[in-house]
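What the coordinates show
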Amino acid sequence: MDNQPSADAARRPPPRPEARSRTAGGPLLVCIDASPGAGQLVRSASRLAEAARVEWFAVYVETPEDHPTFEDQEQIAKTLRLAAQLGGQTVMLSGFSLRDTILEFVREQGVAKIVLAQMRQPGWRRLLSLTLADQLRRRAKDLDVYLIAAGDQELQPRSTPARDRWLLARDY
């Protein structure tokens, strides 16, 4: 990997010197999207961070396949404002792969816990595809992954580039 700064370097906090050794007391990260349930996810992450007495990040990752509508952009901004009001640091990242962008941030910031929405999926889909949580667990075995029920919210999958589908199949 080259040492060129990413396009979102201005929006990304500087890496932590102690980030190399992740501990149980490390920061918490919550991944948000444009769904209406993202606010509840942020509230849950805030409570978890408060109980663990750790700082936390609310992160939105934009990939080339994303084409958020104006309403989606408004929902993302609203959720990030809520996270800031609850004491979280808000970060918008850009990357080609959702999984890899999150993992890079996790390494840079020494994140120990990640909070994701547990979306409702049909049984056949669970068998045929890996969720983001599955992907993160396989790549970062020392990362604690918390899944928060997203209520009746249906899974709205992000398209996965063919290259990433091959990597997921290979890693399986």
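Rules used in this analysis
Residues numbered from 1 in each chain as written. Predicted model: local features only at pLDDT ≥ 70, side-chain atom pairs only at ≥ 80, totals over all residues. Heavy atoms only, no water. Buried < 20%, exposed > 50% of the residue type's maximum accessible area, 1.4 Å probe, protein only. Helix = DSSP H or I, 4+ residues; strand = E, 2+ residues; numbered from the N terminus. Pairing = 2+ DSSP bridges. Right-handed = clockwise from strand over helix to strand, strands pointing away. Patch = residues over 30% accessible without salt bridge, like charges linked within 9 Å, V, L, I, M, F, W, Y side chains within 5 Å. Areas by Shrake-Rupley, 256 points an atom, 1.4 Å probe, with all protein chains shown as cover. Salt bridge = Lys/Arg side-chain N within 4 Å of Asp/Glu carboxyl O. Lys, Arg positive; Asp, Glu negative; His and termini not counted. Charge placed at Lys NZ, Arg CZ, Asp CG, Glu CD. Core = buried A, V, L, I, M, F, W, Y, C linked by side-chain atoms within 4.5 Å. Contact = heavy atoms within 4.5 Å. Axes fitted to C-alpha atoms, helices over the stretch in contact; angles between N-to-C directions. Parallel < 35°, antiparallel > 145°, perpendicular 65-115°, else oblique. Left-handed = near helix turned anticlockwise from the far one by under 90°. Nonpolar A, V, L, I, M, F, W, Y, C, P; charged D, E, K, R; others polar. Expected span 1.5 Å × (residues − 1).

**Side note on the pairing of strand β1 (residues 28-31)**
Strand residues, when the strand is regular, have side chains that alternate between the two faces of the sheet. The two faces of β1 match: Leu-28 and Val-30 on one face and Leu-29 and Cys-31 on the other face are all buried. Where β1 and strand β2 (residues 56-62) come together, four bridges link them in parallel fashion. Paired with Cys-31 across the two strands is Val-59, which belongs to β2. Crossover connection from β1 via helix α1 (residues 38-52) to parallel β2: handedness right-handed.

**Brief notes about a positive patch on the surface**
Taken together, Arg-43, Arg-47, Lys-78 and Arg-81 make up a surface patch of like positive charges. Counting residues per element, the ones that place at least two in the positive patch are α1 and α2 (70-85). For Arg-43, the location among the structural elements is in helix α1.

**Overview of the nonpolar core**
Leu-29, Val-59, Ile-102, Phe-105 and Ile-114 are the most contacted members of the largest nonpolar core, which has 18 residues in total. Here this core takes four residues from helix α3 (residues 98-109), the largest share from any one element. Contact partners of Ile-102, with chain neighbours within four places excluded, come to Cys-31, Val-61, Ile-114, Leu-132 and Leu-136.

**Quick look at the pairing of strand β3 (residues 89-94)**
Relative to β3, β2 is paired through six bridges, and the arrangement is parallel. Counted as the bridge partner of Val-61 is Leu-93 from β3.

**Side note on the pattern of salt bridges**
Following the criterion strictly, the structure yields two salt bridges and no others. As a salt-bridge pair, Asp-100 and Arg-99 come within 3.0 Å of each other at their nearest N and O atoms. The class of Asp-100 is partly exposed, set by a relative accessible area of 30%. With relative accessibility at 4%, the residue Arg-99 sits in the buried group. Notably, a salt bridge pairs Asp-134 with Arg-137, separated by 3.2 Å at the nearest N-O pair. Taken together, the positions of Asp-134 and Arg-137, both in helix α5 (residues 132-139) and three residues apart, correspond to about one turn of that helix. Look at Asp-134 and you get partly exposed, because its relative accessible area is 23%.

**Focus: the packing of α3 against α5**
At a minimum axis distance of 10 Å, the contact between α3 and α5 shows a crossing angle of 50°. Classed by the angle they form, the pair α3 and α5 counts as oblique. Our pair here, α3 against α5, has a crossing hand that is right-handed. Residues Leu-98, Arg-99, Ile-102 and Leu-103 of α3 form the contact with α5, whose own contacting residues are Leu-132, Gln-135, Leu-136 and Arg-139. Of the residues belonging to the contact of α3 with α5, the class tally is five nonpolar, one polar and two charged.

**A closer look at the packing of α1 against α2**
Two elements in contact, α1 and α2, have axes whose closest approach is 9 Å; the angle formed by their N-to-C orientations is 20°. With respect to their mutual orientation, α1 and α2 come out roughly parallel. The crossing of α1 and α2 is right-handed. Taken together, the residues of α2 that come into contact with α1 (itself represented by Ala-38, Gly-39, Val-42 and Arg-43) are Thr-79, Leu-82 and Ala-83. Within the contact of α1 with α2, the residues separate by chemical class into four nonpolar, two polar and one charged.

**Let's talk about α3**
The end-to-end C-alpha separation of α3 is 17 Å, in line with the 16 Å expected for twelve residues at 1.5 Å each. Along α3, the positions that sit buried rather than exposed are Arg-99, Thr-101, Ile-102, Leu-103, Phe-105, Val-106, Glu-108 and Gln-109. Two residues or fewer past α3, Gly-110 is found with a positive phi of approximately 70°.

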